[in-house]
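Coordinate analysis (summary)
Spelled out from the first residue to the last, the chains are:
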Amino acid sequence: MTNRYNVLIVEDDAFIRKVLRQSLKNDFEVTTHINGIEAMSWLEQGNPVDVVLTDLQMPYLNGQDLIRTIRASPMFKNLPIIILSTFDDSNTRIACLELGADDFMTKPFNPLEVKAKVLAVMRRTK
């Protein structure tokens, strides 16, 4: 068996979590959390993760704050982050990229494109 990449999905919308899990589970180990606080707690427990897919609008710790938190951590500062958001304005995309996101996709998205972007980020970072 080959090693599979570990994808952490941080998304408060149950339907989108389900779509992402279903479209990625055959190729990746997928873990989901509903907000940034849960995701950071899970990361800090030492669970393996290769890439984070995160929404921006979430309760408690939103996507931009999650990017800031991950980038400020010596353990996770190089962890690839892909944003999935309903925001489609260039100011939001630029702000996320400047905070340290590696890619940005707008919702609605094509699940096959999400998979392709995860693989592309993994090629660049591994």
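Model, not experiment: these values are computed from the prediction.

Examining the overall build of the protein
- Across its full length, the protein carries five helices and five strands.
- When its C-alpha atoms are laid out on the principal axes, the protein stretches across 40 × 30 × 30 Å.
- Taking all 126 residues of the protein together, the buried fraction comes to 44%.
- Contacts spanning at least 24 positions in sequence make up 59% of the contacts within the protein whose residues lie at least 6 apart.
- Accessible surface computed for the protein: about 6,800 Å², of which carbon and sulfur atoms make up 49%.
- Here the protein carries 15 positive and 16 negative side-chain charges, and the mean point of each set is 6 Å from the other.

Section: helix H5 (residues 111-125)
- The end-to-end C-alpha distance of H5 is 21 Å, a good match for the 21 Å that 15 residues give at a rise of 1.5 Å each.
- Turning to H5, its buried residues number three or more, namely Val114, Val118, Ala120, Val121 and Met122.
- The inward-facing, buried residues of H5 contact strand E1 (6-10), helix H1 (14-24), strand E3 (51-54), strand E4 (81-85) and strand E5 (103-106).
- The opening residue of H5, the one whose side-chain oxygen lies 2.8 Å from the backbone nitrogen of Leu112, is Asn110.

Things to note about the nonpolar core
- Counting residues in each nonpolar core, the largest one holds 21 residues, and the members touching the most others are Leu8, Leu43, Val52, Ile70 and Ile83.
- Looking at this core, the elements with two or more residues in it are E1, helix H2 (36-44), helix H3 (63-72) and E4.
- Considering every element that reaches this core, the biggest residue donor is H2, with four residues.
- Those residues in contact with Leu43 that lie beyond four places of it in its chain are Leu8, Val49, Ile70, Phe76 and Leu79.

Looking at the UniProt feature "modified residue: 4-aspartylphosphate" (unreviewed entry) in the protein
- Those residues carrying the UniProt feature "modified residue: 4-aspartylphosphate" (unreviewed entry) are Asp55 in this numbering.
- For Asp55, a relative accessible area of 5% translates into the label buried.
- Setting aside chain neighbours within four positions, we find Asp55 in contact with Val10, Glu11, Asp12, Gly63, Leu84, Ser85 and Lys107.

Thoughts on H1
- Among all positions of H1, only Ile16, Arg17, Leu20 and Leu24 are buried. Burial along H1 is one-sided: seen end-on, the buried residues are contained in an arc of 105°. Away from the buried face of H1 by more than 90 degrees, exposed residues Phe15 and Lys18 are located.
- The inward-facing, buried residues of H1 contact E1, strand E2 (29-33), E3, E4 and H5.
- The backbone nitrogen of Phe15 has a side-chain oxygen 2.9 Å away, supplied by the residue at the start of H1, namely Asp13.

Points about the pairing of E5
- Across four bridges, E4 lies against E5 in parallel orientation. Bridge pairing in E5 links Ser85 to Thr106.
- Running through helix H4 (residues 90-99), the crossover from E4 to the neighbouring parallel element E5 is right-handed.

Side note on the UniProt feature "domain: Response regulatory" (unreviewed entry) in the protein
- Per the UniProt record, the feature "domain: Response regulatory" (unreviewed entry) sits at residues 6-122.
- The annotated region residues 6-122 carries 44% helix and 20% strand content, and the separation between its end C-alpha atoms amounts to 10 Å.

The rules behind each value
- Residues numbered from 1 in each chain as written.
- Predicted model: local features only at pLDDT ≥ 70, side-chain atom pairs only at ≥ 80, totals over all residues.
- Heavy atoms only, no water.
- Helix = DSSP H or I, 4+ residues; strand = E, 2+ residues; numbered from the N terminus.
- Buried < 20%, exposed > 50% of the residue type's maximum accessible area, 1.4 Å probe, protein only.
- Contact = heavy atoms within 4.5 Å.
- Areas by Shrake-Rupley, 256 points an atom, 1.4 Å probe, with all protein chains shown as cover.
- Lys, Arg positive; Asp, Glu negative; His and termini not counted.
- Charge placed at Lys NZ, Arg CZ, Asp CG, Glu CD.
- Expected span 1.5 Å × (residues − 1).
- Polar contact = N/O pair within 3.5 Å; in protein donor to acceptor, adjacent residues only side chain to side chain.
- Core = buried A, V, L, I, M, F, W, Y, C linked by side-chain atoms within 4.5 Å.
- UniProt positions renumbered as here; feature names shortened; annotations may be inferred.
- Arc of directions from axis to C-beta.
- Pairing = 2+ DSSP bridges.
- Right-handed = clockwise from strand over helix to strand, strands pointing away.

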